[in-house]
Amino acid sequence: MSLVTALIHRRRSRLFGRLVQEALALYGMEVPAAVEIGPGLQVFHRGFGTVLHPYTTLGAGVTLYNGVTIGRADPWVPQQRSAMRRVVLEDGVVVCAGAKIVCKSGVLTVGAGTVIGANAVLTTSTGPNEIWAGVPARRVGTREDPAGRTDGALQPN
């Protein structure tokens with residue numbers, strides 16, 4: 001477990017929570033205590049510039065690269081009046097460097113095993129084992145089911 005990942009898992013500590021949040025800020029990371037995080041989180045490149053909205057849920061084995069933003073599509077609206085409810089990244093999701101996941105309304109769910117490409121801007125929910133890229137993000141392929149091949153090769157639409 002990397003130092004950054006260890007800090008993220010300790011951010012809710014009663015005794016050291018504030019200190020941990022400040023240490024994460026030194027890496028340019030904002031991970032509020034309200035973010036729900038499953039086991040096996042991987043953060044690469046120390047997560048520089050990563051920002052997670054408090055209404056975010058990360059499943060088991062999620063991978064985040066640097067510069068990832070997960071949040072609301074309407075930041076100018078007070079949180080209480082926002083149509084956004086939650087962003088859920090299911091198990092095994094990979095979010096590449098610079099990707100943005102922004103929820104317009106309700107719950108945006110990124111299906112298990114999905115990959116969000118570098119600098120993509122995702123505004124809709126995805127299915128499992130899909131590959132999304134572009135601005136706005138669109139489905140560009142699928143990943144092989146983990147029960148099948150394990151090389152993660154791109155399969156055309």
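Visitor: How do you make sense of the pattern of salt bridges when you look at a structure like this?
Guide: Any two side chains of opposite charge can pair, given that their charged atoms come close. One pass over the structure, following the stated rule, counts three salt bridges. Here Asp74 ties to Arg72 by a salt bridge, and the two come within 3.3 Å at their closest N and O atoms. Asp74 sits in the buried class, given a relative accessible area of 11%. Taking the shortest distance from any N to any O, the salt bridge between Arg139 and Glu130 comes out at 3.9 Å. Residue Arg139 is classed as partly exposed on the basis of its relative accessible area, which comes to 34%.

Visitor: Whenever I open this one, the pairing of strand β9 (residues 100-103) confuses me. Can you help?
Guide: In this structure, strand β6 (residues 69-72) lies alongside β9, joined through four bridges in parallel fashion. Within the sheet, the bridge partner assigned to Gly71 lies in β9 and is Val102. Relative to strand β12 (residues 121-122), β9 runs parallel, the two being bridged by two bridges. Note on β12: the bridge partner recorded for Ile101 is Leu122.

Visitor: Can you help me understand the environment of Ile131 in this one?
Guide: Within the secondary structure layout, Ile131 lies in strand β13 (residues 130-133). Assessed through its relative accessible area of 15%, Ile131 is described here as buried. Separated by 55 residues in sequence, Ile131 and Trp76 place their C-alpha atoms 30 Å apart.

Visitor: It is not clear to me how the pairing of strand β7 (residues 84-89) should be interpreted in this structure. Could you clarify?
Guide: Within a regular beta strand, the side chains point alternately toward one face of the sheet and then the other, so they alternate between its two faces. With three bridges joining them, strand β4 (residues 56-58) and β7 adopt parallel strand pairing. Residue pairing for β7: Thr56 is matched across the bridge by Val87. Sheet topology places β7 next to strand β10 (residues 106-110); five bridges connect them, and they run parallel. From the neighbouring strand, Leu89 faces β10, where its bridge partner is Val110.

Cut-offs and rules
Residues numbered from 1 in each chain as written. Predicted model: local features only at pLDDT ≥ 70, side-chain atom pairs only at ≥ 80, totals over all residues. Heavy atoms only, no water. Salt bridge = Lys/Arg side-chain N within 4 Å of Asp/Glu carboxyl O. Buried < 20%, exposed > 50% of the residue type's maximum accessible area, 1.4 Å probe, protein only. Pairing = 2+ DSSP bridges. Helix = DSSP H or I, 4+ residues; strand = E, 2+ residues; numbered from the N terminus.

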